[in-house]
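Structural characterization, general
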Amino acid sequence: MLTSTTPEDLAAAGQDGAYRCWAAAYPLHEAISIPLGSHDAPSPRLALRWLRERTRNVTDQLDMAYAQPGRYWLRDELGRVVVRWSETEP
């Protein structure tokens, strides 16, 4: 999840990033989440980079069947970024 906050709000809370990232696992049929980490990043690009790296670290530790959703997201997200770049390039 990516959320944007103002620099003033972050400064008041003693934080310096403009984007806070959370990685969480949601077990099937449960309403609670299992936190996997968080990170403050100064830009959306760095926030997404952290999220991809964290997803890669978590999926590397899981059995193949359980890692599939995360690996699918990594492939899909990379594909979307490449498509966006190709659409903006002349």
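Residues numbered from 1 in each chain as written. Predicted model: local features only at pLDDT ≥ 70, side-chain atom pairs only at ≥ 80, totals over all residues. Heavy atoms only, no water.

On to the overall build of the chain. For the chain, the helix and strand inventory stands at three helices and three strands. Listed N to C, the secondary structure of the chain is β-α-β-β-α-α in terms of helices and strands. By the burial criterion, 21% of the 90 residues in the chain qualify as buried. Restricting the contact set of the chain to residue pairs at least 6 apart, pairs at least 24 apart contribute 23%. (Helix = DSSP H or I, 4+ residues; strand = E, 2+ residues; numbered from the N terminus. Buried < 20%, exposed > 50% of the residue type's maximum accessible area, 1.4 Å probe, protein only. Contact = heavy atoms within 4.5 Å.)

On to the confidence of the model for the chain, then. In the predicted model, the chain carries a mean pLDDT of 76, and 66% of its residues have values of at least 70. Per-element confidence in the chain ranges from a low mean pLDDT of 50 for strand β1 (residues 2-4) to a high of 90 for strand β3 (residues 34-41). Here residues 82-90 is a poorly scored stretch, pLDDT under 50, and it has zero contacts once near neighbours within four places are set aside; other chains count. (pLDDT = per-residue confidence, 0-100.)

This brings us to the pattern of salt bridges. Enumeration according to the criterion identifies two salt bridges in this entry. Arg71 is the salt-bridge partner of Asp60, the closest N and O atoms lying 3.9 Å from each other. Here Asp60, found in helix α2 (residues 44-60), pairs with Arg71, found in helix α3 (residues 64-88); they are eleven residues apart in sequence, far enough to count as distant. (Salt bridge = Lys/Arg side-chain N within 4 Å of Asp/Glu carboxyl O.)

This next bit is on the nonpolar core. By size, the foremost hydrophobic cluster in this structure holds six residues: Cys21, Ala23, Ala41, Ala47, Trp50 and Leu51. If you list the elements that add at least two residues to this core, you get β2 (19-25) and α2. A per-element tally of this core places α2 first, with three residues. Residues contacting Ala23, with those up to four places away along its chain left out, are Ile34, Pro35, Leu36, Gly37, Trp50, Leu51 and Arg54. (Core = buried A, V, L, I, M, F, W, Y, C linked by side-chain atoms within 4.5 Å.)

Time to look at unusual backbone geometry. In this model, His29 sits at a positive phi of 60°, which is unusual for a non-glycine residue. Tracing the sequence through the fold places His29 in the loop between β2 and β3.

Along the chain, Thr55 falls in helix α2. In contact with Thr55, other than residues within four places in its own chain, are Gly70, Trp73 and Leu74.

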